[in-house]
Amino acid sequence: MTQQTTWLDQLRDAQRRGDTAAEGAALTTAIRIDRGNIAAILAMAELQRRLQDDRAAATFYRLALGTAANAGSVPMSLRAGLDRAEQFLTTSERAFTDHLFGQLHDAGIDARTATPRVAEALRILAGDQQIYLQQPSMFYFPGLAQRPFFDRADFEWVPALEAATDTIRNELRALIDNASDRFGPYVTASPDRPPPNNPLLDKPDWGAAWLWKDGAVADGMELLCPGTLAALALAPQPIIPGRAPLALFSRLTPGTHIQPHYGMLNTRLICHLPLIVPDECALRVGPETRNWREGELLIFDDSFEHEAWNRGNADRTILLFEIWRPDIDSSEREQLTRIFSAIDNYSEQ
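In this report, the structure presented in the accompanying data block is examined. Only a predicted model underlies this, so the values are computations on that prediction, with no experimental measurement involved.

## Points about the pattern of salt bridges
So, point 1. This structure, assessed with the given rule, holds 19 salt bridges.
So, point 2. The salt bridge partner of Arg-243 is Asp-344, with a shortest N-O separation of 2.7 Å. Linking Arg-243 in the loop between α10 (226-232) and β5 (247-252) with Asp-344 in helix α11 (residues 330-348), this pair joins segments that are 101 residues apart in sequence.
So, point 3. By relative accessible area, Asp-344 is classed as buried at 14%.
So, point 4. Salt bridges sharing partners connect three or more residues here, namely Asp-13, Arg-16, Arg-17 and Asp-19.

## As for a nonpolar patch on the surface
So, point 1. There is a patch of nonpolar side chains on the surface, built from Met-138, Met-264, Ile-339 and Ile-343 and spanning about 310 Å² of accessible area.
So, point 2. Overall, Met-138 belongs to the partly exposed group, its relative accessible area being 34%.

## Here's the deal with the sheet that holds strand β6 (residues 257-261)
So, point 1. A sheet is described by the order of its strands in space; here four strands give the open sequence β6-β11-β8-β9, paired in antiparallel fashion. Of all the strands in the sheet, just β6 and β9 (288-290) have a single pairing partner and so form its edges. Ignoring strand direction, the axes of neighbouring strands in this sheet form an average angle of 15 degrees.
So, point 2. Relative to strand β11 (residues 306-310), strand β8 (residues 281-285) runs antiparallel, the two being bridged by five bridges.

## A word on the nonpolar core
If you look at soluble globular proteins, the nonpolar side chains tend to sit buried side by side.
So, point 1. Counting residues in hydrophobic clusters, the biggest one holds 54 residues, and the most contacted among them are Trp-157, Phe-249 and Phe-321.
So, point 2. The element that contributes the greatest number of residues to this core is strand β7 (residues 268-276), accounting for six residues.
So, point 3. Grouped together as the second largest cluster of nonpolar side chains are 23 residues, Ala-57, Tyr-61, Leu-82 and Phe-88 included.

## Looking at the packing of aromatic side chains
So, point 1. Tallied over the full model, the rule gives seven aromatic pairs.
So, point 2. Consider the rings of Phe-139 and Phe-340, whose centres lie 5.1 Å apart with planes at 80 degrees: the pair is edge-to-face. Of the two residues, Phe-139 sits in the loop between α6 (116-125) and β1 (149-150) while Phe-340 sits in helix α11, which places them 201 residues apart along the sequence.
So, point 3. Residues Phe-149 and Phe-300 carry aromatic rings whose centres are separated by 6.2 Å and whose planes lie at 55 degrees to one another, so their mutual orientation is tilted. Here Phe-149, found in strand β1, pairs with Phe-300, found in strand β10 (residues 298-300); they are 151 residues apart in sequence, far enough to count as distant.
So, point 4. By relative accessible area, Phe-300 is classed as buried at 2%.
So, point 5. An aromatic cluster of at least three residues, connected via ring pairs, comprises Phe-155, Trp-157 and Phe-321.
So, point 6. One cation-aromatic arrangement involves Arg-147 over Phe-150; the distance from NZ or CZ to the ring centre is 4.2 Å.
So, point 7. If you follow Arg-290 out to its NZ or CZ, it ends over the ring of Phe-149, 4.1 Å from the centre.

## Some details on unusual backbone geometry
So, point 1. For the peptide bond that leads from Ala-244 to Pro-245, omega is 10 degrees, which places it in the cis range.
So, point 2. When you line up the elements, Pro-245 lands in the loop between α10 and β5.
So, point 3. Here Gln-52, not a glycine, exhibits a phi torsion of approximately 60 degrees, which is positive.
So, point 4. Mapping Gln-52 onto the fold places it in the loop between α3 (38-50) and α4 (54-71).

## Notes on the side chain of His-272
So, point 1. Its place among the elements puts His-272 in strand β7.
So, point 2. Judged by relative accessible area, His-272 falls into the buried class, the value being 6%.
So, point 3. Side-chain polar atoms of His-272 contact the side chain of Trp-292, separated by 3.1 Å.
So, point 4. Apart from residues no more than four positions distant in its own chain, His-272 is found in contact with Leu-283, Trp-292, Glu-296, Leu-297, Leu-298, Phe-300, Ile-318, Leu-319 and Leu-320.

Each value, and the rule that gives it
Residues numbered from 1 in each chain as written. Predicted model: local features only at pLDDT ≥ 70, side-chain atom pairs only at ≥ 80, totals over all residues. Heavy atoms only, no water. Salt bridge = Lys/Arg side-chain N within 4 Å of Asp/Glu carboxyl O. Helix = DSSP H or I, 4+ residues; strand = E, 2+ residues; numbered from the N terminus. Buried < 20%, exposed > 50% of the residue type's maximum accessible area, 1.4 Å probe, protein only. Patch = residues over 30% accessible without salt bridge, like charges linked within 9 Å, V, L, I, M, F, W, Y side chains within 5 Å. Areas by Shrake-Rupley, 256 points an atom, 1.4 Å probe, with all protein chains shown as cover. Pairing = 2+ DSSP bridges. Axes fitted to C-alpha atoms, helices over the stretch in contact; angles between N-to-C directions. Core = buried A, V, L, I, M, F, W, Y, C linked by side-chain atoms within 4.5 Å. Phe/Tyr/Trp six-rings, centres within 6.5 Å; stacked < 30°, edge-to-face > 60°. Lys NZ or Arg CZ within 6 Å of the ring centre and 35° of its normal. Polar contact = N/O pair within 3.5 Å; in protein donor to acceptor, adjacent residues only side chain to side chain. Contact = heavy atoms within 4.5 Å.

In structure tokens:
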């Protein structure tokens, strides 16, 4: 007699006798012997439903669905049970959400009264928002706050830089009128590297006019944009030979969409000073979408998944630059500068 026949026989005998404790014991043994026994897991979920323990039933249904997904293919005889699992979880999650928000409403907590972090936690709990975390593509620095956007009011240098918006915009317009070839594609291929898999590769749709590039002022920009460079000097930009500062005028033409992606580092923040912004333009970082407002800095962590788009009818142009994260102290900044320099030195060999 096989193990499967043994637990099935025990289960059926217990069901005939109406002995739910024996049913549970038989199923527990079967699952312990074979963690991938989807039939036994589904049967345990059904038993918990009959015992009116919906939370336990949901746990076993989730286990059954996860096990089936990992298995890749399952017998047709299990399909109906897996369908019931999905239907039960959908219904129970809706009931849980209704219960939760009903209780909170009675306690005076709702979207208007909850703090932003509590409101976000509730959206995640209810399944209305996925969890976004830092996922830099090159270098991860541990222990930093998981914060997609930063409040511009927290940076003492911001008002002075924003006050230079008109000067910066005027220099941008002069650049466009008199030296339009300063703008080139932002996404380009290196001759000694595979081309990036990016639909905007070598396209002017996402254009860049560099002010600082690879740690040096771009050729001629000290004459063309002196006010802009002076304003940038107000910000705590990283200074890393061959790498930073980094600053540019970034232009999106109408209809352009920068697809969701991650930045290389979580040690920096990206700053956008909006200069020319038509309607229907926005930036999403993690779960939050914001519109650019001319003259008001947006400061965000680009190691979160982010995307941007211009659905308007004119070009959107911003001043883009990077700064050190404020929660990295001066000693750590010095050490990180040496680390990044060592990385770059190796890549140059």
